[in-house]
Amino acid sequence: MTPLHVLDVAIVGAGMAGLSCARALVEAGLKVAVFDKARGAGGRMATRRGELASFDHGAQYFTARSPDFAAALQSWLAAGVVAPWRGRIVAWDGSNFSVAGEEARYVGQPGMSGLCRHLLGELECASQHKLSSFERDGAGWRLDFDNGETAACRKLVLALPAPQAAALLEGQPDLQAQAAGVVMSPCWAGMLRFADPLALAFDGCFVNQGPLSWVARNNSKPGRPKGEAWLLHASSAWSQAHVKDKEDQVGRALLAAFAELSGLTLDAQEVSTHRWLYAQAEAPLEVGCLFDAKAGIGLAGDWLNGSRVEGAWDSGRQLAAKIIAAS
Ligand SMILES: Cc1cc2nc3c(=O)[nH]c(=O)nc-3n(C[C@H](O)[C@H](O)[C@H](O)COP(=O)(O)OP(=O)(O)OC[C@H]3O[C@@H](n4cnc5c(N)ncnc54)[C@H](O)[C@@H]3O)c2cc1C
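Residues numbered from 1 in each chain as written. Predicted model: local features only at pLDDT ≥ 70, side-chain atom pairs only at ≥ 80, totals over all residues. Heavy atoms only, no water.

In this structure, what is going on with the packing of aromatic side chains? I would like to understand it.
A ring pair, where both rings are aromatic, is described by two values, the distance of the centres and the angle of the planes. Under the counting rule described, the total for this entry stands at 15 aromatic pairs. With 5.7 Å between their ring centres and 65° between their planes, Phe 62 and Phe 69 make a pair best called edge-to-face. The two residues Phe 62 and Phe 69 agree in class, both being buried. Between Trp 85 and Trp 214, the ring centres sit 6.3 Å apart and the planes meet at 80°, which makes this aromatic pair edge-to-face. Taken as a pair, Trp 85 in the loop between β5 (82–84) and β6 (89–92) and Trp 214 in strand β15 (residues 212–217) lie far apart in primary sequence, 129 residues in all. For the pair shown, Trp 85 and Trp 214 are each scored as buried. Taken together, the ring pairs in this structure connect Phe 62, Phe 69, Trp 76, Tyr 106 and Trp 313 into an aromatic cluster. Note that Arg 136 overlies the ring of Trp 141, its terminal NZ or CZ placed 3.9 Å from the centroid. Above the plane of the ring of Trp 85 lies Lys 221, whose end atom (NZ or CZ) is 5.1 Å from the centre. (Phe/Tyr/Trp six-rings, centres within 6.5 Å; stacked < 30°, edge-to-face > 60°. Buried < 20%, exposed > 50% of the residue type's maximum accessible area, 1.4 Å probe, protein only. Helix = DSSP H or I, 4+ residues; strand = E, 2+ residues; numbered from the N terminus. Lys NZ or Arg CZ within 6 Å of the ring centre and 35° of its normal.)

How should I be thinking about the environment of Ala 283 in this particular structure?
In this fold, Ala 283 is placed in the loop between β17 (268–281) and β18 (290–292). Taking the C-alpha atoms as reference points, Ala 283 and Val 183, 100 residues apart in sequence, are found 7.3 Å from one another.

How should the site of the ligand be read in this particular structure?
Within the structure, the ligand sits among 33 residues, and Ala 17, Asp 36, Arg 44, Tyr 61 and Asp 302 are positioned closest to it. In the model, an oxygen atom of the ligand is placed 3.1 Å from a nitrogen or oxygen of the Met 16 main chain. Here the shell around the ligand gets 3 residues from one element, more than from any other, and that element is β17. Among the residues forming the shell around the ligand, the class breakdown is 15 nonpolar, 12 polar and 6 charged. Counting only domains with at least three residues in the shell around the ligand, you end up with domain 1 (1–49 + 113–182 + 283–327) and domain 2 (60–111 + 184–282). (Near = heavy atom within 4 Å. Polar contact = N/O pair within 3.5 Å; in protein donor to acceptor, adjacent residues only side chain to side chain. Nonpolar A, V, L, I, M, F, W, Y, C, P; charged D, E, K, R; others polar. Domains from an automatic or database assignment.)

How should the pairing of strand β16 (residues 228–234) be read in this particular structure?
Along any regular strand the residues' side chains alternate between the sheet's two faces. With 7 of 7 residues buried, β16 is to be regarded as a mostly interior element. As paired strands, strand β13 (residues 184–194) and β16 are joined by 6 bridges and run antiparallel to one another. Across the sheet, Phe 194 pairs through a bridge with Glu 228, a residue of β16. Two elements, β15 and β16, share 5 bridges in a ladder whose sense is antiparallel. (Pairing = 2+ DSSP bridges.)

Looking at this structure, how should I read the pattern of salt bridges?
Note on pairing: side chains with opposite charge can pair once their charged atoms come close. For the structure shown, the criterion picks out 11 salt bridges. In this structure, Asp 144 engages Arg 142 in a salt bridge whose closest nitrogen and oxygen atoms are separated by 2.8 Å. Across this residue pair, the class does not change: Asp 144 and Arg 142 are buried. A salt bridge links Asp 203 to Arg 217, with the nearest nitrogen and oxygen atoms 3.0 Å apart. You can see Asp 203 sitting in the loop between β13 and β14 (204–207) and its partner Arg 217 sitting in strand β15, a full 14 residues away along the chain. Since its relative accessible area comes to 7%, Asp 203 is described here as buried. (Salt bridge = Lys/Arg side-chain N within 4 Å of Asp/Glu carboxyl O.)

The following block contains the structure:
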């Protein structure tokens, strides 16, 4: 049965791309709702929060390169949902540490997901709604979610990682082929809590050797609990090679790699891991977004625009502009 409530646009995916798209559409007066399979907004801008420590286990920080994104950043700084991270960032080449670029880095408050929650604001959002399929319904679409609920919309936006979008696009071979052509590599994240601060002269390090690609003292970011918390990211090659390993095995391996990098004997109070199956596009399409005006389906996401937070934001805005122009 068709739901009575027909949306102008249904947006599936409450990450940065879906939310920036939703905001721009709502500002243009369209009736929009956002759906996500997770319990909250943020997608890969994710934060795991505890009493003693918190971990941004996906995106670490973001930079602002375009004037439009820099203007949005100013409004988020003014709203207190973003703050500069002035951590000491270095790079390790296997023999030496060197200071990494001085580009200004920003983080969400009180965690990376805080910015997405701000963007979500009062938007209508259904969490724990995983889109299973969608089918033609008159001039629009009927969406079926895995919890048995349905929704009806005139236009549909999929703001999902490329492989997850491709899996849903059976009836749209052109869009499906473009999404299916983008490989997204995995990333294992390790989250370590320590009783005392580690004696390291840096707060973040790009690691260009061995299993790790990045380590960061999460509590050096503004607004985080004070407990000593280190976030580790494995390289995409290591993550791919260990993609099916058990969490405790991965935790031990990442802890050992961090001990080797730091030269410290590490006595972690807590070790946990998270596997990002679709962390970053190996070769983003760099087309901004995709929109089939005839079908009324658009795709947004970082895999269409630079593989980063700023690119995801811009992708959502570009898609919104196309939808508004076609409405
Ligand atoms: C480990 C890691 C480190 C990173 N580091 C940085 C960094 O330091 N700086 C930076 O700028 N970028 C970084 N990134 C990239 C950044 O996180 C992404 O570019 C950005 O968050 C992508 O936003 P998005 O909206 O395109 O996708 P996502 O954030 O992935 O949002 C997609 C949403 O779709 C939902 N979803 C998926 N399938 C379904 C379905 N069937 N039904 C309903 N909902 C569904 C998901 O739950 C998710 O919320 C990193 C990413 C990772 C994983």
